[in-house]
Amino acid sequence: IPSLDKNRLAMDAEGITDSVAYIQSIAVMERQRLQQVLNTDVADVASKRIVIAGFSQGAALSYMASHTFPAPLAGVGALSGYLTARKELEANWEAANSVTPVFTAHGKHDPVVPFSSGEESFNLLSAMKRERAGTDATVGELSFNKYPMEHSSCPQEMDDFVAFLSRVLPPTQ
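Read on for a plain summary of the structure. Bear in mind the structure is a predicted one, so any value in this text is a computation, not a measurement.

What follows is about helix H5 (residues 115-133). Here H5 spans 27 Å end to end across 19 residues, near enough to the 27 Å set by a 1.5 Å rise per residue. Of all the residues in H5, the buried ones are Phe115, Ser117, Gly118, Ser121, Phe122, Leu125, Ser126, Met128, Lys129 and Ala133. All buried residues of H5 lie within an arc of 165 degrees about the axis, which places them on one face of the element. Buried positions along H5 lie against helix H3 (57-67), helix H4 (86-92), strand S3 (102-107) and strand S4 (142-147).

Shown next, in the form of structure tokens:
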């Protein structure tokens with residue numbers, strides 16, 4: 001992504017597509033491994049033990065890879081990121097992940113990915129999830145967490161993310 005400036009937003013669509021495909025291939029391999037570990041033939045059971053998360057551009061890819069993945073996931077983590085390739089996301093949206101919980105975190109003083117970009121991205125994604133889930137359905141946990149930091153991480157953010165992971169990935173029996 002060469003620029004986040006709304007007036008000259010540019011992206012490498014081919015690079016995003018390739019990166020999303022790579023992330024999803026890892027999720028597929030992990031789902032297969034989890035099917036063996038959990039001793040189940042049901043792929044959805046295994047995929048519900050996978051969280052796709054990233055920081056900055058990785059967060060942008062996590063939004064895209066998770067909501068275009070063909071099986072329900074446990075959750076999405078987007079730290080100091082933004083929503084990219086919105087038209088591609090809308091065109092390739094998978095209903096299975098309209099209810100997938102999302103943890104978003106952003107620094108209030110981020111000079112790299114402005115706070116407003118992170119907040120706007122979260123709001124757009126939330127609206128897309130609600131629209132696709134339908135009026136009577138739940139969209140799962142959607143949280144936008146703000147921290148007094150720049151383009152980095154802080155202990156409170158990590159504590160909050162761990163708590164999110166504990167909620168969406170309960171211990172196996």
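What follows continues from the structure just given.
The next subject is the packing of helix H1 (residues 13-37) against H3. Where H1 contacts H3, the axes come no closer than 9 Å and their chain directions differ by 65 degrees. Crossing of H1 against H3: the hand is right-handed. Together, Ile16, Ser19, Val20, Ile23 and Gln24 of H1 and Leu61, Met64 and Ala65 of H3 make up the contact between the two elements.

Two aromatic rings, taken as a pair, are described by how far apart their centres are and by the angle between their planes. Scanning the entire structure with this criterion turns up 5 aromatic pairs. Their ring planes at 65 degrees and their centres at 5.6 Å tell us that phenylalanine 115 and phenylalanine 144 sit as a pair that is edge-to-face. Taken together, the residues phenylalanine 115 in helix H5 and phenylalanine 144 in strand S4 connect sequence positions 29 residues apart. Among the residues examined, phenylalanine 115 registers a relative accessible area of 18% and is labelled buried.

Spatially, 4 strands are ordered S1-S2-S3-S4 in an open sheet, and the strand pairing comes out parallel. Looking at the sheet topology across the chains shown, the edges are occupied by strand S1 (51-55) and S4. Taken pair by pair, the neighbouring strands of this sheet meet at an average axis angle of 10 degrees, ignoring direction. Relative to S3, strand S2 (residues 75-79) runs parallel, the two being bridged by 4 bridges. Within the sheet, the bridge partner assigned to alanine 78 lies in S3 and is threonine 104. Contacting S1, S2 and S3, H3 runs over the sheet at an angle of about 155 degrees to S1.

Parameters and conventions
Residues numbered from 1 in each chain as written. Predicted model: local features only at pLDDT ≥ 70, side-chain atom pairs only at ≥ 80, totals over all residues. Heavy atoms only, no water. Helix = DSSP H or I, 4+ residues; strand = E, 2+ residues; numbered from the N terminus. Expected span 1.5 Å × (residues − 1). Buried < 20%, exposed > 50% of the residue type's maximum accessible area, 1.4 Å probe, protein only. Arc of directions from axis to C-beta. Contact = heavy atoms within 4.5 Å. Axes fitted to C-alpha atoms, helices over the stretch in contact; angles between N-to-C directions. Left-handed = near helix turned anticlockwise from the far one by under 90°. Phe/Tyr/Trp six-rings, centres within 6.5 Å; stacked < 30°, edge-to-face > 60°. Pairing = 2+ DSSP bridges.

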